[in-house]
Amino acid sequence: MLKGKKIVLGVTGGIAAYKACTLTSKLTQQGADVKVIMTKSAAEFVSPLTFQALSRNPVFTDTFDEKDPAKIAHIDLADWADLFLVAPATANFLGKIANGIGDDMLTTSILATEASVYIAPAMNVHMYAHPAVIANMKRLEGWGYKFIEPGSGLLACGYVGKGRLEEPETIMEAIEVHLNRGLTEKFLTGKKILISAGPTKESVDPVRYFTNHSSGKMGFALAAEASRLGAEVILVSGPVTLKTPDGVTRIDVETANQMYEEVVSRYNDQDVVIKAAAVADYRPISVYEEKMKKKQDGLTIEMERTKDILEELGRRKNSQYLVGFAAETINHLEYGRKKLEAKNLDAIVVNNIKTEGAGFGSDTNIVTFISRQGAEKEIHLAEKTEIARQLYQMIWTEIRDEQQ
């Protein structure tokens, strides 16, 4: 999602500067072109060489160190950036910018840029609550600067409270949302999307059946969000009690074989296919016409494999963007990567169902999106509707990049 984006990262003088190293590394790994500006105080905490190695770009520390005589460095950086990010931002930095003071490389560059500026403050809890700091932030917000609020917890000074630099993953999520605002509200208009959801049931007799714990909530959230974003949506659902989302064509099935037939028969007409259903891998070889009677000893039921829907879709894939889901209990990322390759997918969404908030039946989820293009992005604990929204942003970004 950040591939090719030009980001200037400003690092000011606080102990949280060490987190900016991780942030630089993660931004670069996601394909962003990162150039770091450090204040003199920041260099007391972390060496500029560290950021140079992580960003693979020169680090800027001095307004008067003009490396290229054909350019004025702080103006060139100001014009180059798609986005400025200051993390950590000290109270001193906020005071300077709020009062138009440009006395170093970072402040002069920000005063000169027309790019969006995101600021992630980090300071002592009492400093963060000081009226002057609050007033400076309000003034900057009024000018259009965006803030990524600090977290609460144990601070380096020993106090406990609000003032910790937010985690790099959360900072990245904030700027990813910003950079994707170029997507129109209905960016899936004209696209056909097929989604499978829910469990399947495999009968043993007229009374009993094998099934699983899938509630269908994730698949239904994906269908609802796709429709809201303008897509023409077909939802093939196993037996659930959920309401059909507005604007969605729903097809109800019960068995794995029925789901196979409905999904495969519609596959060729789709732009995006998301297999979120938890389909039975096995079914009883024999289904009894009458109820089986209880016995004194044990019971053995012979099973056979069902058709692998995702494998078949991967085999038939031509222009479709194919997404699988994998609910695991151990080594979920490892298994997800293997499944991505084995089933010829464009992307896979994996989670560990043992993680609190990510199990079957929950209204929330925690997932990782892994794609053939090399993206690997965790979406932290969120409502499934929000998970769906972020997944479509990543899917559409990849489709758009392939078309360019």
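Predicted model only: the values in this text are computed from it and were never measured.

## Side note on the sheet that holds strand S18 (residues 364–371)
Inference 1: Within the open sheet, the 8 strands sit side by side as S12-S11-S8-S13-S16-S17-S18-S19. Their pairing is mixed. The open sheet is flanked by strand S12 (248–252) and strand S19 (376–383), the only strands paired with a single partner. The average undirected angle you get between the axes of adjacent strands in this sheet is 20°.
Inference 2: When strand S16 (residues 321–328) meets strand S17 (residues 347–352), the two strands line up parallel, connected through 6 bridges. Bridge pairing in S17 links Ala-327 to Asn-351.
Inference 3: Contacting strand S13 (272–275) and S16, helix H12 (residues 309–316) crosses the sheet at an angle of about 155° to S16.

## Details of the pattern of salt bridges
Inference 1: Within the structure shown, the criterion is met by 21 salt bridges.
Inference 2: Between Arg-337 and Glu-376 there is a salt bridge, with its nearest N and O atoms 2.8 Å apart. Of this pair, Arg-337 sits in helix H13 (residues 332–342) while Glu-376 sits in strand S19; the two residues are 39 residues apart in sequence, bridging distant segments of the chain.
Inference 3: Through salt bridges with shared partners, a single ionic network connects Glu-311, Glu-312, Arg-315 and Arg-316.

## A look at the environment of Ser-265
Inference 1: Locating Ser-265 in the fold gives a position in helix H11 (residues 256–266).
Inference 2: A relative accessible area of 54% places Ser-265 in the exposed class.

## So, the UniProt feature "domain: DNA/pantothenate metabolism flavoprotein C-terminal" (unreviewed entry) in the protein chain
Inference 1: UniProt tags residues 188–395 as "domain: DNA/pantothenate metabolism flavoprotein C-terminal" (unreviewed entry).
Inference 2: Here residues 188–395 is 26% helix and 29% strand, with 10 Å between the C-alpha atoms at its ends.

## Brief notes about a negative patch on the surface
Inference 1: Residues Asp-62, Glu-66, Asp-68, Asp-76, Asp-79 and Glu-114 make up a contiguous surface patch of negative charge.
Inference 2: Tracing the chain through its elements places Glu-66 in the loop between helix H3 (48–55) and helix H4 (73–80).
Inference 3: Residue Glu-66 is classed as partly exposed on the basis of its relative accessible area, which comes to 33%.

## Quick word on the nonpolar core
Inference 1: Within the largest apolar cluster, 38 residues are counted, with the highest numbers of intra-cluster contacts made by Leu-188, Ile-195, Leu-222, Ile-274, Phe-369, Leu-391 and Tyr-392.
Inference 2: For this core, the leading source of residues is helix H14 (residues 384–403), giving 8 residues.
Inference 3: Core analysis: the second largest hydrophobic core is formed by 29 residues, Leu-2, Leu-23, Ala-32 and Ala-122 among them.

## Some words on the sheet that holds strand S4 (residues 116–121)
Inference 1: In space, the 5 strands of this open sheet follow the order S2-S1-S3-S4-S5, with parallel pairing throughout. Pairing within the sheet leaves two strands with one partner each, and these edge strands are strand S2 (33–38) and strand S5 (146–147).
Inference 2: Pairing of strand S1 (residues 6–11) with strand S3 (residues 83–89) involves 4 bridges; the strand directions are parallel. Pairing of Val-8 across the sheet is with Phe-84, part of S3.
Inference 3: Contacting S1, S2 and S3, helix H1 (residues 17–29) crosses the sheet at an angle of about 170° to S1.
Inference 4: Seen against the sheet, helix H6 (residues 105–112) touches S1, S2, S3 and S4 and runs at an angle of roughly 145° to S3.

## Looking at H3
Inference 1: N-cap assignment for H3: the residue whose side-chain oxygen lies 3.1 Å from the backbone N of Leu-49 is Ser-47.
Inference 2: Arg-56 lies just past H3 and shows a positive phi near 60°.

## Section: the domain arrangement of the protein chain
Inference 1: Assigned domains within the protein chain: domain 1 (6–183) and domain 2 (192–402).
Inference 2: For domain 1 versus domain 2, the distance between C-alpha centres works out to 41 Å.
Inference 3: Contacts between the two partners involve 7 residues from domain 1 and, on the opposite side, 9 residues from domain 2.
Inference 4: At the boundary of domain 1 and domain 2, one finds 1 salt bridge.
Inference 5: The shortest N-O distance in the salt bridge between Glu-173 and Lys-377 comes to 4.0 Å.

## Focus on unusual backbone geometry
Trans is the common state for peptide bonds, and a negative phi is the common state for residues other than glycine.
Inference 1: Across the junction of Ala-87 and Pro-88, the peptide omega takes the value 0°, indicating a cis bond.
Inference 2: With respect to the helices and strands, the residue Pro-88 is situated in strand S3.
Inference 3: One non-glycine residue with positive phi stands out, namely Arg-56, at about 60°.
Inference 4: Mapped onto the elements of the fold, Arg-56 is located in the loop between H3 and H4.
Inference 5: Within the chain, Asn-344 stands out as a residue other than glycine whose phi angle is a positive 60°.
Inference 6: Summarising the element assignment, Asn-344 is placed in the loop between H13 and S17.

## Some details on the side chain of Ser-237
Inference 1: Relative to the elements of secondary structure, Ser-237 occurs in strand S11 (residues 232–237).
Inference 2: For Ser-237, a relative accessible area of 0% translates into the label buried.
Inference 3: Those residues in contact with Ser-237 that sit more than four places away from it in its chain are Ala-197, Phe-220, Arg-250, Ile-251, Asp-252, Val-253 and Met-259.

Basis of the calculations
- Residues numbered from 1 in each chain as written.
- Predicted model: local features only at pLDDT ≥ 70, side-chain atom pairs only at ≥ 80, totals over all residues.
- Heavy atoms only, no water.
- Pairing = 2+ DSSP bridges.
- Helix = DSSP H or I, 4+ residues; strand = E, 2+ residues; numbered from the N terminus.
- Axes fitted to C-alpha atoms, helices over the stretch in contact; angles between N-to-C directions.
- Contact = heavy atoms within 4.5 Å.
- Salt bridge = Lys/Arg side-chain N within 4 Å of Asp/Glu carboxyl O.
- Buried < 20%, exposed > 50% of the residue type's maximum accessible area, 1.4 Å probe, protein only.
- UniProt positions renumbered as here; feature names shortened; annotations may be inferred.
- Patch = residues over 30% accessible without salt bridge, like charges linked within 9 Å, V, L, I, M, F, W, Y side chains within 5 Å.
- Areas by Shrake-Rupley, 256 points an atom, 1.4 Å probe, with all protein chains shown as cover.
- Lys, Arg positive; Asp, Glu negative; His and termini not counted.
- Charge placed at Lys NZ, Arg CZ, Asp CG, Glu CD.
- Core = buried A, V, L, I, M, F, W, Y, C linked by side-chain atoms within 4.5 Å.
- Polar contact = N/O pair within 3.5 Å; in protein donor to acceptor, adjacent residues only side chain to side chain.
- Domains from an automatic or database assignment.

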